[in-house]
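Each chain, written out:
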Amino acid sequence: MNTSASKKILNIVPVPVPDEALAVFASQVPKGIMHQDFENVFVAAHSGAGTIDSSYEQTLADAFVLDAGCRAGDEGYAAVCVNSMSDSALAALRSRLEIPVMAPAVGSMLLACMLGHRFSVVTMWPRWFDMYQKTIKQQGIGARVASIRDISTRPDAAELLAGKEDAVFPLLEREARAAIDDDGADVIILGSTTMHQSHAFLSERLEVPVINPGVVAIKLTELLVSCGLSHSKRAYPSPDVVQDDLFRPRLAN
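Since this is a predicted model, take the numbers as computed values, not measurements. (Residues numbered from 1 in each chain as written. Predicted model: local features only at pLDDT ≥ 70, side-chain atom pairs only at ≥ 80, totals over all residues. Heavy atoms only, no water.)

Novice: A description of the packing of helix H5 (residues 104-115) against helix H6 (residues 129-139) should follow, citing residues and the corresponding values.
Specialist: Remark: H5 packs on H6, axes separated minimally by 10 Å, with the N-to-C direction vectors making an angle of 60°. On the basis of the axis angle, H5 is oblique to H6. Where H5 crosses over H6, the handedness of that crossing is right-handed. Contacts between H5 and H6 involve Ala105, Val106, Met109 and Leu110 from the former and Tyr132, Thr135, Ile136 and Gln139 from the latter. Classifying every residue of the contact of H5 with H6 gives six nonpolar, two polar and no charged. (Axes fitted to C-alpha atoms, helices over the stretch in contact; angles between N-to-C directions. Helix = DSSP H or I, 4+ residues; strand = E, 2+ residues; numbered from the N terminus. Parallel < 35°, antiparallel > 145°, perpendicular 65-115°, else oblique. Left-handed = near helix turned anticlockwise from the far one by under 90°. Contact = heavy atoms within 4.5 Å. Nonpolar A, V, L, I, M, F, W, Y, C, P; charged D, E, K, R; others polar.)

Novice: Describe the nonpolar core, listing the residues and the values that go with them.
Specialist: Membership of the largest hydrophobic core comes to 78 residues, with the highest contact counts inside it found for Val80, Phe119, Tyr132 and Ile188. Considering every element that reaches this core, the biggest residue donor is helix H7 (residues 165-181), with six residues. Not counting residues within four places of it along the chain, the set of residues in contact with tyrosine 132 comprises Met85, Met109, Val121, Thr123, Ile148 and Gly191. (Core = buried A, V, L, I, M, F, W, Y, C linked by side-chain atoms within 4.5 Å. Buried < 20%, exposed > 50% of the residue type's maximum accessible area, 1.4 Å probe, protein only.)

Novice: Could you give an account of H6, with specific residues and numbers?
Specialist: Listing the buried residues of H6 in full gives Met131, Tyr132, Thr135 and Ile136. For H6, the arc enclosing every buried residue in end-on projection is 130°, short of the 170-degree limit, so these residues lie on one face. Exposed and oriented more than 90 degrees from the buried face of H6 are Lys137 and Gln138. Of the surrounding elements, those touching the buried residues of H6 are helix H3 (55-69), H5, strand E5 (119-123) and strand E6 (145-150). (Arc of directions from axis to C-beta.)

Structure below.
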């Protein structure tokens, strides 16, 4: 086995973004945080959703993230990590693949349950609430949720928070502070990997742990590979028929 190839993690951004934005997503991983045997490769879905603002777009994201990751095992990747709190196609990729598949919402929420009693998600806009509620329900952790709060600001998957720091960061701090003081949260989770630029700002100003979901998901992915663990095939059985080419353009006859 090729040792270098076996330690590559495929990170999938679930919406199409330009190369410049993909580089910003990749920059969320601090230097030195990954073990030297691992390499993160970032790709974006080639089509589908824009801001994952609805059930319609969640389904599009699921489809094209599945397309982006379904061949990862054959391509030599050691694991797949979905780079979005939508956890797009998480179950489908676990069904399709033998290698570990991780995502930010499930990883961050379960980690928050280990770090405190109750957590809050602080996010950009209310149209993402359904994504969090889906994971909360699936994991049966509703009693551990203090609140979900937003700043009523439309997200931008291409620019992220660049150039908006002075306007957005104080709003995020305001909602995080309310989650702690009014709602009883003792852990804060950023509501999107597109918000990673605010992590240092909030961590310096809040007295509770602030979880940066993209970094947590990537490190949990590394942990699974290092421990030789993957998802249960009893829980995520493989399909009898594999149809990986369904979302690829068909050539005209």
